[in-house]
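Observations on chain architecture
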Amino acid sequence: MLESLLLLAFCLVVGLISMAVCGYLVVSGQFLTLDGLSLSLICATIGGLFVLMVVWSFYTGELKQILEYRHKKPPSSEPPDKPAGEGPR
């Protein structure tokens, strides 16, 4: 479960960085050059695929299942209590 959570976090980071590069190209004015167009197309494709993996995990319920598993309280290592009817022997 931890591996899946780390994978989804990595996908989200890569996707957001790719989208940030596209935003930077638009803001800096390099978007309308041939290099800017090709770089923004590549970054948008990569970012979209990585973010799509996180969205798909959310849609199928896998992300919710992972987060619920991570928030469960681990079982204690103490033995269960004795039944009320039994006394010390």
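Residue positions within a chain follow its written sequence, with the count starting from 1. Per-residue local features are limited, in this predicted model, to residues with pLDDT of at least 70; the limit for side-chain atom pairs, both in listing and counting, is 80 or more; totals at the level of whole chains, interfaces and linings are taken over all residues. The basis for every side-chain value is the complete set of heavy atoms in the structure, and neither hydrogens nor water enter the calculation.

Moving on, we come to a nonpolar patch on the surface. Residues form patches when they are more than 30% accessible in relative terms and have no salt bridge. Like charges link within 9 Å. Nonpolar side chains (Val, Leu, Ile, Met, Phe, Trp, Tyr) link within 5 Å. Accessible areas in this description were obtained via Shrake-Rupley with a 1.4 Å probe; residue shielding takes into account the shown protein chains only. Criterion for a salt bridge: a side-chain nitrogen of Lys or Arg within 4 Å of a carboxyl oxygen of Asp or Glu. A cluster of nonpolar side chains, namely V26, F31, L32 and L37, defines an oily patch on the protein surface of about 390 Å² accessible area. Secondary structure is summarised from DSSP: a helix means a run of H or I of at least four residues, a strand means a run of E of at least two, and numbering begins at the N terminus for each. Here L37 shows up in helix α2 (residues 34-60).

As a further point, take the state of the cysteines. Each disulfide consists of a covalent bond between the sulfur atoms of two cysteine residues. Put simply, a disulfide is two cysteine sulfurs that come within 2.5 Å. Counted according to the given criterion, the structure contains zero disulfides. No disulfide involves C22; its sulfur sits 4.9 Å from the nearest other cysteine sulfur, which is in C43. When a residue's accessible area, from a 1.4 Å probe over protein chains only, is under 20% of the maximum for its type it is buried; when over 50% it is exposed; and in between it is partly exposed. Residue class for C22 comes out buried when judged on its relative accessible area of 13%.

Keep in mind these numbers describe shape, not what the thing actually does.
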